[in-house]
Amino acid sequence: MQTLANHQIRDEHIETSKVLQKIDGLFHYNVEITVTFSDHNKCQSICNFLVEKLDNSVKVTNPDFSHGPQRLENTRRHASLTAVKNARQKAVEIGQFVNAKVGQPLSIREECCNEWYGPADGPLELDGPLTVQQRIEQCTFHATVKVSVVFQLKPKRTKDNKS
């Protein structure tokens, strides 16, 4: 617990379960500590430290990776905003080609949204137990959004037609 406090892990991210058992006349005290990390590197650092210091008296299990609902919503929102930004950039490039200036969007419509977990380019070929990197890839959340945006086009003013 002191190690977690030293690494600025807040109490609300720590769950503790304690079990005292009597086996063959000897008492066995087991403590299971579950910590929620938002930084995988910090998780690895603390796990390595505990294994080095406590050796066989501690068992560190593989981490479970997950996303909170707020993080998923932020990813969806970011995908939508990026899609609109990309549409505007494309409209600006087309506007330059036809000598027009892109104005305000007249309509924005989300046509489809795809979400999936796993690698961006498809399922992993699994051969044996997963490495930590493969486990991270398996739970990576992706979102793509296709939008249709109509922008106002304004003629560019030239020196000859300025009023």
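Everything here concerns the structure above.
Below is a summary of the structure that appears in this document. (Residues numbered from 1 in each chain as written. Predicted model: local features only at pLDDT ≥ 70, side-chain atom pairs only at ≥ 80, totals over all residues. Heavy atoms only, no water.)

### Details of the overall build of the chain
Here is step 1: Counting its regular elements, the chain contains 4 helices and 4 strands.
Here is step 2: Secondary structure elements of the chain, listed N to C terminal, follow the sequence α-β-β-α-α-β-α-β.
Here is step 3: What you see for the chain is a C-alpha radius of gyration of 27 Å, clearly larger than the 15 Å of a compact globule of 163 residues, by over 25%.
Here is step 4: With the C-alpha coordinates aligned to their principal axes, the bounding extent of the chain is approximately 100 × 40 × 25 Å. (Helix = DSSP H or I, 4+ residues; strand = E, 2+ residues; numbered from the N terminus. Rg over C-alpha atoms; globule rule 2.2 N^0.38 Å.)

### Section: the layout of surface pockets
Here is step 1: Of the pockets and cavities examined, the largest pocket occupies roughly 1,800 Å³.
Here is step 2: Of all the secondary structure elements, the ones that give two or more residues to the lining of the largest pocket are helix H1 (2-6), strand S2 (26-35), helix H2 (40-54) and helix H4 (132-138).
Here is step 3: In terms of residue count, H2 provides more of the lining of the largest pocket than any other element does, 10 residues in total.
Here is step 4: When grouped by side-chain class, the residues that make up the lining of the largest pocket number 21 nonpolar, 17 polar and 7 charged. (1 Å grid on protein atoms, 1.4 Å probe; cavity = no way out; pocket = protein on both sides within 12 Å on 5 of 7 lines; lining within 4 Å. Points joined across faces, edges and corners; volume = space filled by probe spheres on them. Nonpolar A, V, L, I, M, F, W, Y, C, P; charged D, E, K, R; others polar.)

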